[in-house]
Amino acid sequence: MKIGDGTIMYGDCGQRHEFGTGFYIHKTAIDTIKEFKSINNRISHITIQAQWFDITFINVHAPTEDKEDDVKEEFYSQLEQTYNSISRHNVTIVLGDFNAKVGKEEIYKPTIGNYSLHDESSENGVRLINFAMANGLTLSSTKFQHNRIHLGTWISPDGKVVNQIDHVAIQRRFQNSIKDVRTFRGADCETDHMLIIAQMKIKLKKKQSTNRVEIKRYDVENLAEEKIKENFRKEMEINLSESRLTHSDQQDVESRWRHLRNSIQDVASKTIGKRKRTNKIWFNIKCQERVLERQNARKAWLQDMDNITLKERYYKIRKETQRTLRQEKRKHYNNMVREAEDDFKHHRARQMYQNIKKSLGKFTKREQFIKDHNGKILTNKNDIQETWKTYFTQLLNCNDPQYYFTFEEPDTVDIQVTTPSVNEIRQTIKKLKNNKACGEDQWVLPVNATDGSGGGGGGGCGGGGSDDDDDDDDDDDAVPFAIPAQQGHFG
């Protein structure tokens, strides 16, 4: 699923969509993906091609402390099998929500470091440490010194408890490649978990650059405002007048066009601005103000989490923000449906489809990744095309089938079709709509092709038989033929 400048790759989410793990890959690294695999609704992994080693990320969502021991044992058993199935030549990083509090026990310090938020490890924390020690991993999330507010990763619903239960683990031989791991509390993700960023220094596979010409698109809809339109007009007059004085001696048409084009682009960039891409056109100024108010309330509460007033204010504003977003989204789509219905009733097909297309946004091509015969994920366009070519070459060049399908025409089908009469052609043309693409004959229906006297209703057909529509005998012998017609005149 493609969102913004990246692609989300996710696996099994369970029947109730309570679990699920996945990855968000930026477009600059999408070509480096070699494999993505979802083990179950708690474990998935992805492999990225680097310069010297391949990097495998294992994303997990471990059971909570209150789960049965059998569930925990099954999870870590599956995690161990997944970890062992990955090549030892890869840089393997295990990360995610382990629901495990890691302490500061002296015996575990070679694996966990010195800077954990907690003093004692929980039961899930001991399980995580044992898994890391058995597989030669170190916990990078507890090895870097930060303020306590930058160590917690989860906040309880009442806001009184902050735990460090999300972790990042890497092989001991590559532990120096991770430079820092810390929590960023300012990220408003509408979740009880906080954003964790790990800085890793490693060279990925070099991306093949393509010489693409950037198309400048300006937000011409801003010209509907009188102030912007007047400003654009004045700037254009000033720019063109200066251009005439500077390049008055140039008579070359190409040079004049180049200066005119540059003048329009410069003025448009200053006054109109470039068109901004958005996936939510219903997200108006009112929604932006609500979200900003929610962010400010959250920041104020995080600064003083013991303040009950700030906490209640934040939760109140969050509910109001969610209600506002739902209302504005519903209002936008209701207006869109009403406008489309009105356009449909008044036969404004072009305006209806333009408004619907504008509301739906720009078409986003879905990322289609395939696997080759070795099970490797292909993300490069040329490799995907070559794989499909090989597949269809083998498929279509197979041996002839032993059995053939025979088709017999049913008796109910009338094979003999009579020639259409002039009256039938007239009625058919009357039902046609304007603004439709022409067919193979490249003949376009005139705009005023409604009804006319003495000929076909579409302006392009005439009759070789009688003009009397009620004479069935003459209509049966009529032969339609094309007559060139002007706008508003019929054959």
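Residues numbered from 1 in each chain as written. Predicted model: local features only at pLDDT ≥ 70, side-chain atom pairs only at ≥ 80, totals over all residues. Heavy atoms only, no water.

Engineer: What should I look at first to understand the confidence of the model for the protein in this one?
Structural biologist: As a general rule, the predicted coordinates of low-pLDDT regions are not to be interpreted in detail. Across the protein, the average pLDDT comes to 79, with 78% of residues at or above 70. Below pLDDT 50 for its whole length, residues 447-476 participates in 60 contacts with residues either more than four positions away or in separate chains. Taken together, the stretch residues 483-491 has pLDDT below 50 and engages in 22 contacts with residues farther than four places along the chain or on a different chain. (pLDDT = per-residue confidence, 0-100. Contact = heavy atoms within 4.5 Å.)

Engineer: Can you help me understand the sheet that holds strand E1 (residues 2-3) in this one?
Structural biologist: Within a sheet, adjacent strands bond to each other through the backbone by hydrogen bonds, running parallel or antiparallel. Spatially, the 3 strands line up as an open sheet ordered E1-E2-E3, and their pairing is antiparallel. Each having just a single partner strand, E1 and strand E3 (22-26) make up the two edges of the open sheet. Of the strand pairs in this sheet, E1 and strand E2 (residues 6-10) are connected by 2 bridges, and their pairing is antiparallel. Bridge pairing in E2 links Lys2 to Thr7. (Pairing = 2+ DSSP bridges. Helix = DSSP H or I, 4+ residues; strand = E, 2+ residues; numbered from the N terminus.)

Engineer: Help me understand a nonpolar patch on the surface, please; the structure alone is not making it clear to me.
Structural biologist: Side chains of Trp388, Tyr391, Phe392, Leu395 and Leu396 sit close together on the surface and give an oily, nonpolar patch of about 540 Å² of accessible area. Inspection of the secondary structure assignment puts Leu395 in helix H9 (residues 381-396). Residue class for Leu395 comes out partly exposed when judged on its relative accessible area of 42%. (Patch = residues over 30% accessible without salt bridge, like charges linked within 9 Å, V, L, I, M, F, W, Y side chains within 5 Å. Areas by Shrake-Rupley, 256 points an atom, 1.4 Å probe, with all protein chains shown as cover. Salt bridge = Lys/Arg side-chain N within 4 Å of Asp/Glu carboxyl O. Buried < 20%, exposed > 50% of the residue type's maximum accessible area, 1.4 Å probe, protein only.)

Engineer: Just checking my understanding: could you explain the packing of aromatic side chains for this structure?
Structural biologist: Given two aromatic rings, one states the distance between the centres and the angle between the planes to describe the pair. Counted according to the given criterion, the structure contains 11 aromatic pairs. Measuring from centroid to centroid gives 6.3 Å for Phe23 and Phe36, while their planes differ by 85°, and the two rings are edge-to-face. Note that Phe23 is positioned in strand E3 and Phe36 in strand E4 (residues 33-38), a separation of 13 residues in sequence. Note on accessibility: Phe23 and Phe36 belong to one class, buried. Here Trp301 and Tyr314 contribute two aromatic rings whose centre-to-centre distance is 5.4 Å and whose plane-to-plane angle is 15°, an arrangement assigned as stacked. Taken together, the positions of Trp301 in helix H6 (residues 285-303) and Tyr314 in helix H7 (residues 308-345) put the pair 13 residues apart, joining distant regions of the chain. Note on Tyr314: relative accessible area 5%, which makes it buried. In textbook terms, an aromatic cluster arises when at least three aromatic residues are bridged by ring pairs, as seen for Phe75, Tyr76, Tyr83 and Phe131. One Lys or Arg, Arg42, reaches over the ring of Phe19 and ends 4.2 Å from the middle of that ring. (Phe/Tyr/Trp six-rings, centres within 6.5 Å; stacked < 30°, edge-to-face > 60°. Lys NZ or Arg CZ within 6 Å of the ring centre and 35° of its normal.)

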